[in-house]
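Descriptive structure summary
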Protein chains: 2
Amino acid sequence: MYYTVCEVARRLNLSPHTIRFYGKEGLLDFVDRDQNGNRIFKESDFEKLFIIASLKRSGMTIKQIKEFTVLCDKGDSTILQRLNIIKKQREIVDEEITKLQDALDVLKYKTWLYEVALEAGTTAVHEHMPPEEMPPNIRKIKERIRLLTDDMEARYKKAAIP
Amino acid sequence: MYYTVCEVARRLNLSPHTIRFYGKEGLLDFVDRDQNGNRIFKESDFEKLFIIASLKRSGMTIKQIKEFTVLCDKGDSTILQRLNIIKKQREIVDEEITKLQDALDVLKYKTWLYEVALEAGTTAVHEHMPPEEMPPNIRKIKERIRLLTDDMEARYKKAAIP
DNA sequence: GTAAACCTTAGAGTATACTATCAGTCAAGA
DNA sequence: TCTTGACTGATAGTATACTCTAAGGTTTAC
């Protein structure tokens, strides 16, 4: 049983354009063609394409994925190289998730700010709010923002003046 | 105490180019200028800039951040709109984190594949590996990949044949 | 036989976010 | 005074990943 570009696109939630683009970039050399030159995808091609799509989702560029597929084609002598590429990408994804969780914290903080402001009818409600009135998680996030935005050096100097 | 573009860039881990670019896009209208037209950043500008950088990190485009800052400038009548933008962005970041965690699962699966292949000296070791020999977490990931890449319809049809 | 509904490639266009270059202004130090 | 260094805006260039268009080929239904 064979599948066309459009069928594959629908199943993997990509556009047919994107799949042809990946083909043009040399990522789909394993895909067979019929006598008219049309791509015909085998059942076993789906996992390969899914892995490529996953590497893409993980933040790898098409060029990097291409380099990886070249190593795959070279066979067993490149297993260690491939393992190292995957391990490196795991680190990158871990960092990206941390970055997003930090951004999410800021969004949580802003959500709280606006919910309180909405009830009070004005954002001025926050001007002299003591930390004790904030929920503990919000207080922690605010403290982290303060640490990141504060100029340590200036604070140190200020503290050093008797 | 005032700070220059370069000092601010260093403290917020952005390039001076980027900060001027944000200025050009209308994101930094709150920043004062000296008599020569140079940007002079106040201590209170750091948190504003940090929030902008966080929105950027969360995946918002510069255009979207600009729209948000316009609402901020309009004052208390736009609190609900701003809250809704932040809430929507939280959903987007949640989805993005889920997407990355799925990609990470695939990377974990590939790590295991290559570690086993490295020890065996060949990727052929996986050709007839029974699921019982896989660690449970790897088996779960492989099952998820199978569910995503398999054609449900085809399997249903196959099963329907007596 | 011809139109519809697929597929193909090449190549142009788009969006986003920088990133670099350039010519010019200004203040401070030797 | 002159040089150094940091700033300015305008504008051009780059990278990435699509996304679209155009021109053409097959197969199938009527």
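In the block above lies the structure referred to throughout.
Let me sum up the structure you'll find in this document. (Residues numbered from 1 in each chain as written. Chains lettered and ligands numbered in written order. Predicted model: local features only at pLDDT ≥ 70, side-chain atom pairs only at ≥ 80, totals over all residues. Heavy atoms only, no water.)

Some thoughts on the overall build of chain A
Along its length, chain A carries seven helices and two strands. What you see in chain A, going N to C, is helices and strands ordered as α-α-β-β-α-α-α-α-α. Computed over its C-alpha atoms, the radius of gyration of chain A comes to 26 Å, more than 25% above the 15 Å expected for a compact globule of 162 residues. Dimensions of chain A, computed from C-alpha atoms along their principal axes, come out at roughly 85 × 40 × 20 Å. (Helix = DSSP H or I, 4+ residues; strand = E, 2+ residues; numbered from the N terminus. Rg over C-alpha atoms; globule rule 2.2 N^0.38 Å.)

What about the protein's contact with DNA strand C?
Near DNA strand C lie 19 residues; those nearest to it are A:Cys6, A:Arg20, A:Arg39, B:Tyr22 and B:Thr61. Contacts to DNA strand C include A:Thr4, whose side-chain N or O atom sits 3.1 Å from a phosphate oxygen. Within the side chain of A:Arg39, a nitrogen or oxygen atom sits 3.0 Å from a phosphate oxygen of DNA strand C. Elements with a contribution of two residues or more to the surface near DNA strand C: α1 (5–12) and α2 (16–24) of chain A together with α2 (16–24) of chain B. In terms of residue count, the dominant contributor to the surface near DNA strand C is α2(B) (four residues). For the surface near DNA strand C, a count of residues per class yields six nonpolar, eight polar and five charged. (Near = heavy atom within 4 Å. Polar contact = N/O pair within 3.5 Å; in protein donor to acceptor, adjacent residues only side chain to side chain. Nonpolar A, V, L, I, M, F, W, Y, C, P; charged D, E, K, R; others polar.)

Things to note about the side chain of A:Thr69
Residue and element names in this part refer to chain A. Mapped onto the elements of the fold, threonine 69 is located in helix α4 (residues 62–74). Taking relative accessible area as the criterion, threonine 69 reaches 14% and is therefore assigned buried. A polar contact is formed between the side chain of threonine 69 and the backbone oxygen of lysine 66, at a distance of 2.7 Å. (Buried < 20%, exposed > 50% of the residue type's maximum accessible area, 1.4 Å probe, protein only.)

Some thoughts on the protein's contact with DNA strand D
Near DNA strand D lie 19 residues; those nearest to it are A:Tyr22, B:Thr4, B:Cys6, B:Arg20 and B:Lys24. Counting only the atoms of DNA strand D within 4 Å of the protein, the fraction contributed by sugar and phosphate is 68%. Within the side chain of A:Gln35, one N or O atom sits 3.4 Å away from a phosphate oxygen of DNA strand D. In this structure, a phosphate oxygen belonging to DNA strand D sits 2.9 Å away from a main-chain N or O atom of B:Arg39. Elements that contribute at least two residues to the surface near DNA strand D include exactly α2 of chain A together with α1 (5–12) and α2 of chain B.

A short note on the relation of the copies chain A and chain B
For these two chains of identical sequence, chain A goes onto chain B by a turn of 180° and a shift of 0.0 Å along the axis, with RMSD 0.0 Å. Taken together, the turn and the small shift mark the pair as related by a two-fold rotation axis. By C-alpha distance to the rotation axis, the residue of chain A lying nearest is A:Ile97, at 3.1 Å. Looking at the interface residues of chain A, 100% of them are also at the interface in chain B, so both copies use one shared face. (Least-squares fit on C-alpha atoms with pLDDT ≥ 70 in both. Contact = heavy atoms within 4.5 Å.)

A short note on the pattern of salt bridges
Enumeration according to the criterion identifies 18 salt bridges over all chains in this entry. Taking the shortest distance from any N to any O, the salt bridge between A:Lys87 and B:Glu115 comes out at 4.0 Å. Note that A:Lys87 is positioned in helix α5 (residues 79–120) and B:Glu115 in helix α5 (residues 79–120), a pairing that runs across two chains. A salt bridge links A:Glu91 to A:Lys88; its shortest N-O distance comes to 3.9 Å. With A:Glu91 and A:Lys88 both in helix α5, this residue pair falls three residues apart, about one helical turn. Accessibility expressed as a relative area gives 44% for A:Glu91, which makes it partly exposed. Taking the relative accessible area as the measure of exposure, A:Lys88 reaches 47% and is therefore partly exposed. Within the structure, one salt-bridge network assembled from shared partners comprises A:Asp32, A:Lys42 and A:Asp45. (Salt bridge = Lys/Arg side-chain N within 4 Å of Asp/Glu carboxyl O.)

Remarks on the interface of chain A and chain B
With 50 residues of chain A in contact, the opposing surface of chain B contributes 50 residues. Summed over both partners, the interface of chain A with chain B comes to about 4,700 Å²; 72% of that surface belongs to carbon and sulfur atoms. Between the two partners, chain A and chain B, sit two salt bridges. Where chain A meets chain B, there are 10 residue pairs in polar contact (both at pLDDT 80 or more). Elements with a contribution of two residues or more to the side of chain A that touches chain B: α3 (45–57), α4, α5 and α6 (136–149) of chain A. With 27 residues, α5(A) is the single largest residue contributor to the side of chain A that touches chain B. Here the side of chain A that touches chain B is composed, by residue class, of 25 nonpolar, nine polar and 16 charged. (Buried area = accessible area lost by both parts, 1.4 Å probe.)

Here's the deal with the environment of A:Pro135
All names here are of chain A. Summarising the element assignment, proline 135 is placed in the loop between α5 and α6. Overall, the relative accessible area of 28% leaves proline 135 in the partly exposed class. Considered as a pair, proline 135 and glycine 59 are 76 residues apart in the sequence and their alpha carbons are 35 Å apart.

Remember, this is a structural readout, not a statement about activity or role.
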